[in-house]
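Take a look at the letters that make up each chain.
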Amino acid sequence: MMKRFLIIVEGSADSKFIKDYYHHLFHAAAPKNSIIHTGELLNKTGGYKKLIEEINLSQMRMNTDQGGVNLVIFDADKDFEARQKELLSYKEEYGVDFELFLFPNNKHTGALEVLLENIINPNNRPILDCWENYEKELVQLDIPGRTPPPLTTPAKKTKIYGYLEALLGESNSQKELIKEVNRNYENTQHWNLDAEYLKPLKEFLENKISG
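Calculation notes
- Residues numbered from 1 in each chain as written.
- Predicted model: local features only at pLDDT ≥ 70, side-chain atom pairs only at ≥ 80, totals over all residues.
- Heavy atoms only, no water.
- Helix = DSSP H or I, 4+ residues; strand = E, 2+ residues; numbered from the N terminus.
- Expected span 1.5 Å × (residues − 1).
- Contact = heavy atoms within 4.5 Å.
- Axes fitted to C-alpha atoms, helices over the stretch in contact; angles between N-to-C directions.
- Parallel < 35°, antiparallel > 145°, perpendicular 65-115°, else oblique.
- Nonpolar A, V, L, I, M, F, W, Y, C, P; charged D, E, K, R; others polar.
- Buried < 20%, exposed > 50% of the residue type's maximum accessible area, 1.4 Å probe, protein only.
- Pairing = 2+ DSSP bridges.
- Right-handed = clockwise from strand over helix to strand, strands pointing away.
- Left-handed = near helix turned anticlockwise from the far one by under 90°.
- Salt bridge = Lys/Arg side-chain N within 4 Å of Asp/Glu carboxyl O.

A cis amide bond links F103 to the next residue, P104, at an omega of 10 degrees. With respect to the element layout, P104 can be found in the loop between strand 4 (99-103) and helix 4 (112-117). Residues other than glycine seldom take positive phi values, yet H27 does so here, at roughly 60 degrees. Of note, N106 is a non-glycine position whose phi angle comes to about 65 degrees, a positive value. Along the chain, N106 falls in the loop between strand 4 and helix 4.

What follows is about helix 5 (residues 125-138). If you check helix 5, its first and last C-alpha atoms are 20 Å apart, about what 14 residues at 1.5 Å a residue would give, namely 20 Å. In this fold, the buried residues of helix 5 make contact with helix 4 and helix 6 (156-167).

One way to put it is that helix 1 (residues 12-26) packs onto helix 8 (residues 199-209) with a least axis distance of 11 Å and a crossing angle of 70 degrees. Looking at the two axes, helix 1 sits roughly perpendicular to helix 8. In contact with F17, I18, Y21, Y22, L25 and F26 of helix 1, helix 8 contributes L201, K202, L205, E206 and I209. Residues that form the contact of helix 1 with helix 8 fall into these classes: 9 nonpolar, no polar and 2 charged.

Regular strands show a simple pattern: their side chains alternate between the two faces of the sheet. The buried fraction of strand 3 (residues 69-75) is high, at 7 of 7 residues. Pairing analysis gives 5 bridges linking strand 3 to strand 4, with the strands arranged parallel. Its bridge partner lying in strand 4, I73 is registered against F101. The parallel pair strand 3 and strand 4, bridged by helix 3 (residues 80-94), forms a crossover whose chirality is right-handed.

Strand order in this open sheet of 4 strands is 2-1-3-4, and the pairing throughout is parallel. Bordering the open sheet on either side are strand 2 (35-37) and strand 4, each of which pairs with just one other strand. The mean angle between the axes of side-by-side strands here comes to 20 degrees, regardless of whether they run parallel or antiparallel. Summarising the sheet, strand 1 (residues 5-9) and strand 3 pair through 5 bridges and their orientation is parallel. Across the sheet, residue I7 finds its bridge partner in strand 3, namely L71.

Two elements in contact, helix 5 and helix 6, have axes separated by 10 Å at closest approach and are oriented at 130 degrees. Taken together, the axis directions place helix 5 and helix 6 in an arrangement best described as oblique. For the pair helix 5 and helix 6, the crossing hand works out as right-handed. Between helix 5 and helix 6, the residues in contact are I127, L128, W131 and E132 and T158, K159, G162, Y163, A166 and L167, respectively. Split into classes, the residues belonging to the contact of helix 5 with helix 6 amount to 6 nonpolar, 2 polar and 2 charged.

The next subject is the pattern of salt bridges. Under the counting rule described, the total for this entry stands at 15 salt bridges. In this structure, R125 engages D129 in a salt bridge whose closest nitrogen and oxygen atoms are separated by 3.0 Å. Of this pair, R125 and D129 both sit in helix 5, 4 residues apart, roughly one helical turn. Note on R125: relative accessible area 29%, which makes it partly exposed. Given the relative accessible area of 34%, D129 is considered partly exposed. Salt bridges linked by common partners bring E117, R125, D129, E132, K156 and K159 together as one network.

Right, dumping it as structure tokens:
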């Protein structure tokens, strides 16, 4: 039996991943409006600072009043402990209750993209190996007039985009599937949702929302 729950993530990319992972884990679609991103109710882009917008705080308080559990799943970014401390401080400061999980694995710095790198289909690992070799070569280049060196390596979001672009076709419909909100994380040719790396997230979700 599933508990009543509200999962709040930072943005639409995180929302799509969590919805797909929930479906994979529990073999059912998540209840309507049970997984939202911080900007969704504001009709804006998300971000961790928007968690304390009154509309999001109200959603969490209402869910608590109805016997539900609130799960906040955000990025750790560059400092896991600092982000964890800041977010947990909101509970007392704003009078809300929630359980917290930080991407990529609830103990290291990083974001959703780090998690995604670690759950690609192992058969496709050579694609990321090529990309990482490109990054190594890039930082060794000396481009006249470029100050300061080294050259900037592409963001991890670009890396994941490139990974999917290499696997998908060139038609417009295939290109659409590369976009964060359209990705199918249950496509086993691209992703492994049973990867060991997902164990902390799996345990978090199972412990918090399954009866």
